[in-house]
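Below are the chains, spelled out letter by letter.
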Amino acid sequence: MKIRPIRPNSAHFVTTVLHQFAESLGFAIDAKDPYTSMHSEEVAEVSHALALSMGLSPNEADIIHVAGHLHDIGKIGVPDAVLKKQGSLSPSEWRAMRRHPRAGADILRPVAALKSLGVVDMVLHHHERYDGTGYPDGLAGAQIPLGARIIAVADSVSAMLQNRPYRPSKNFEAARKEVLRCSGTQFDPRVVQAFEGVAAAIEGMVDVLSAKEKDV
Ligand SMILES: [Fe+2]
Ligand SMILES: [Fe+2]
């Protein structure tokens, strides 16, 4: 069989493949949990829209989009019994769950391009909170990579819109209000402001994704 030559020197080829692999790994992690079948895709799309709304360049927005696809890849190391548990987690189960950002960064670090573009650090810090009470490192404010601050908002919006065994989903308006309420504590106020500016577009985007989800 003849293998068609690829063009490894093409920057476009590399970024396209990087994105496709990120999307594929995002689907892999989402496949572990029936309640979150389009979560990584949604976080990637919403993060991209937020980044552009904040005035970041298309290139920077693309990098954050890739990190959005990959943000929860470390959950691959969390036992299914914890990941899919119906009801509250014990302290040791919480510790297992809270290891996923560092596990994700460890999984991605061998990909030099992801490290140099900052994707590894965005994944590592996507559960930090703006007020410094998040994890794994308790970073605050501008210490948290901007991409991670953006993904944190997108992640919460996506999670609130999803049904979970222990709570019903919120509608978009309720999720929007919750994001506003957490501005300056959980979230960077600049990201929340950007979210307010494009909330209608994001609502349309998540509607399209949830229709796709019902198809699968
Ligand atoms: Fe994507
Ligand atoms: Fe996460």
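Above this text you will find the structure in question.
By convention here, each chain's residues receive numbers from 1 onward along its written sequence. Naming scheme: in the order in which they are written, chains are lettered from A and ligands are numbered from 1. Where local features are concerned, this predicted model is filtered to residues with pLDDT of at least 70; where side-chain atom pairs are given and counted, the filter is 80 or more; whole-chain, interface and lining totals use all residues. Calculation of side-chain values draws on the structure's entire complement of heavy atoms; hydrogens and water are dropped beforehand.

Q: Break down the overall build of the chain for me, citing the residues and quoting the values.
A: By definition, any uninterrupted DSSP run of H or I lasting at least four residues is a helix, any uninterrupted run of E lasting at least two residues is a strand, and each is numbered from the N terminus. A count of helical and extended segments in the chain gives 12 helices and 0 strands. Along the chain, from the amino end to the carboxyl end, the secondary structure elements read α-α-α-α-α-α-α-α-α-α-α-α. In this treatment the radius of gyration is a C-alpha quantity, and the globule benchmark scales as 2.2 Å times the residue count to the 0.38 power. The C-alpha atoms of the chain give 17 Å as radius of gyration, which agrees with the globular expectation for 216 residues (17 Å, within 12%). Burial analysis of the chain (216 residues in total) assigns 44% to the buried set. Long-range contacts, defined here as pairs at least 24 residues apart, represent 63% of the contacts in the chain between residues at least 6 apart. Accessibility throughout is a Shrake-Rupley quantity obtained with a 1.4 Å probe, and a residue counts as covered only by protein chains that appear here. Accessible surface computed for the chain: about 11200 Å², of which carbon and sulfur atoms make up 56%. With 24 positive and 25 negative side-chain charges, the chain shows a spacing of 4 Å between the two charge centroids. Buried, partly exposed and exposed residues are distinguished by accessible area as a fraction of the type maximum, computed with a 1.4 Å probe on protein chains only: under 20%, between the cut-offs, and over 50%, respectively. Residues count as neighbours in contact if any of their non-hydrogen atoms are within 4.5 Å of one another. Neither His nor the chain termini are counted; the positive set is Lys and Arg, and the negative set is Asp and Glu. Each charge is placed at NZ for Lys, CZ for Arg, CG for Asp and CD for Glu.

Q: Tell me about the coordination of the iron ion (ligand 2), and name the residues and values.
A: Water is not among the atoms examined, so metal sites may look incomplete; donors are the N, O and S atoms within 2.8 Å of the metal, or within 3.2 Å for Na, K and Ca. Note on the iron ion (ligand 2): its protein donors are Asp 72 (OD), His 100 (NE2), His 126 (NE2) and His 127 (NE2). The metal-donor distances range over 2.1 to 2.2 Å. For the iron ion (ligand 2), the 4 donor atoms in the first shell make angles of 87 to 178 degrees at the metal, a pattern classed as irregular. Going along the chain, you hit the donors of the iron ion (ligand 2) in the pattern D-x27-H-x25-H-H. Placement of the pair is His 100 in helix H6 (residues 100-108) and His 127 in the loop between helix H8 (119-124) and helix H9 (146-161), with a sequence separation of 27 residues. Given the relative accessible area of 2%, His 100 is considered buried. The rule is simple: four donors are tetrahedral if all their angles sit between 85 and 135 degrees, four are square planar and six octahedral if opposite donors span more than 155 degrees and the others lie between 65 and 115, and anything that fits none of that is irregular.

Q: Run through the coordination of the iron ion (ligand 1), naming residues and quoting values.
A: Summarising the metal site, the iron ion (ligand 1) is bound by the protein donors His 19 (NE2), His 65 (NE2) and His 69 (NE2), whose distances to it range over 2.1 to 2.2 Å. As a motif over one chain, the donors of the iron ion (ligand 1) read H-x45-H-x3-H. Residue His 65 and its partner His 69 are both found in helix H3 (residues 58-70); the two are separated by 4 residues, about one turn of the helix. Each member of the pair, His 65 as well as His 69, is classed as buried.

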